[in-house]
Amino acid sequence: MDTNIRTLLASALKFSDTTKLKEAYELLKNVAETRPAVDQPESFGQDLYVQCAEIAYQNGLNTMSEHCLKLFFMKTPPANQFLCRAYLCNAQLLAPDSAENPELLDQAVVYLLKAINFAKENPRYHFLVYNASVLYWQFCRPFLKHNYRRYLAHGLHQVVKALDDIEDKDHEWRAQLMIALIECHIDAGRQLDASSVANAAASFIRNNVPHLFKEIFGLIIRHQLIDSTKFHRDIKSSAELSIYYRICKLKLQIETNDPERDIDNELRRILSMITGKEDKKIIPTPPESKGKRPITPRKEDSGTNSPTSRRFSNTLVATFDGRSYSRGSRRRHTISPAHNINLHEKLDYLRIYQDLDSKKA
C-alpha cells in the first residue's frame, strides 16, 4: 500500500491531478479510521500524511490538508524533516489573506517558530530554516504598509535571529530581512529596538552586502537611529555616499522645518558635487535681497544655477522618495569610489536634487 499511495501522490504533484490526490487521501483516511488502536503501526510511512497535506494545500484543498495534518499528529510524530514540514504547512493554512486579521498571523507564527526551532538544531535541516523565512515573508506581505508593519516585528525578529544562528550563506536575503525588521520597529515606535538592529545590520551589510549599504544608511539618517559621526569614514571614502548623506540630511531638515537650514547653499553644494564642478565660493543670500533677483548676474549663476542647468534639471521626472520604496522596486547601488560616479548615478541624483528643490519651494 505504501508504494501505491506514493505513486498516486507523485502523479498528483507532477500533473496537479486532484483525482489521484483524492484517491491517495481516501486510502490514508480509511486506514486511519479502521485501525483498532491509534498507536497501531500503519502499512505505510507516516510521512505520507504530510506529503498529502502539502499537495492538497497547493491545490487549494485546505480541508483535506487540515485533516491529513490531524491524522499525522494523532500519533507521536517522528523527529525528522516531515515534522518540520507539517508545522510549516499548518502555518500556511493559518496565514491571513489581509492585514485586518493580525490574530491569524500570530497563530501562524507559532507553527512557523516551532519549525524553525526544530530545524536549526540539526545541520541536516538548516535548509528548512531558510524555507521557513521565505514562507514567512510570503504570508506577511499584506502587512508591509504603514501602521501594519508593527505586527511583524516579533516574528521577523525570530526569523532574522534563526538565520544568524545557522549562519545562512544567503547574505543578501538576511540583509533585506534586517532592513525590513528596522522598518517594523520604526512603525511600532520602538526607536531603541530599531537603533539596536540598525547598528548590527549596518556592520553586517557593510562587510557582506555592500550594494545594500546605501539603503540602510539612508534609513538610519532619515530616522536618526545612529549618530552619523560613526559613518564618517564611509562618507569620506565614497563620493556617492557623501552626496546621498547630504541629500538625506537636507530632506530631514526640510521635513522637520529646521530653523538653521540653509537650503539654497546646500542645494548648490549637492548639485556641484553631482556634476563634478565644485563651487569656489558659496555666496549667502543677503537678508534684504531674499525673494529678489539682482539685475547683474552673480558668479554662481554661470554654474549650477544657470538657465541651461535649470532647463536640464526640469526635463527630468522627480521620482525619488526615500520613504516609499517598495521591497521589489528598490534599485541596488554599489558604493562608488570617489571620482567614479557614472552618468546613470548622476542622473539619479539630479532627479533627487529636483525633488528637493520642489519641496523647498
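Bear in mind that the values here come from a model prediction, so they are computed numbers and not experimental data.

Novice: Requested: an account of the packing of aromatic side chains, with residues and values cited.
Specialist: To describe a pair of aromatic rings, one takes the distance between the centres and the angle between the planes. Per the counting criterion, the structure on display carries 14 aromatic pairs. Centre to centre, the rings of F72 and F73 are 5.1 Å apart; their planes meet at 75°, and the pair counts as edge-to-face. Ring geometry for F73 against Y87: centres 5.9 Å apart, planes inclined by 25°, an arrangement best described as stacked. Linking F73 in the loop between α4 (62–72) and α5 (81–94) with Y87 in helix α5, this pair joins segments that are 14 residues apart in sequence. Among the residues examined, F73 registers a relative accessible area of 30% and is labelled partly exposed. Through a chain of ring-to-ring contacts, three or more aromatic side chains come together here, namely F72, F73, Y87 and Y111.

Novice: Describe in detail the environment of S195, supporting the description with residues and values.
Specialist: Here S195 is to be found in helix α10 (residues 191–208). Not counting residues within four places of it along the chain, the set of residues in contact with S195 comprises L225 and I226.

Novice: How would you sum up unusual backbone geometry? Please name residues and give values.
Specialist: The residue N147 is not glycine, and still its phi comes out positive at about 75°. Here N147 is to be found in the loop between α7 (126–139) and α8 (153–165). One non-glycine residue with positive phi stands out, namely E167, at about 55°.

Cut-off values and rules
Starting afresh in each chain, residues are numbered from 1 along the sequence in its written order. Where local features are concerned, this predicted model is filtered to residues with pLDDT of at least 70; where side-chain atom pairs are given and counted, the filter is 80 or more; whole-chain, interface and lining totals use all residues. No hydrogens and no water enter the side-chain calculation; it runs on all heavy atoms of the structure. Between the rings of Phe, Tyr and Trp (Trp by its six-membered ring), a pair exists once the centres lie within 6.5 Å; its type follows the angle of the planes, with under 30 degrees stacked, over 60 edge-to-face, and the other angles tilted. Elements are defined by DSSP. Helices are runs of H or I of four residues or more, strands are runs of E of two residues or more, and each kind is numbered from the N terminus. Burial here depends on accessible area, computed with a 1.4 Å probe over protein chains only, as a share of the maximum for the residue type. Under 20% is buried, over 50% is exposed, and the range in between is partly exposed. Contacts are assigned to residue pairs with any non-hydrogen atoms lying within 4.5 Å of each other.

Note that all results are geometric; they support no functional claim without further evidence.
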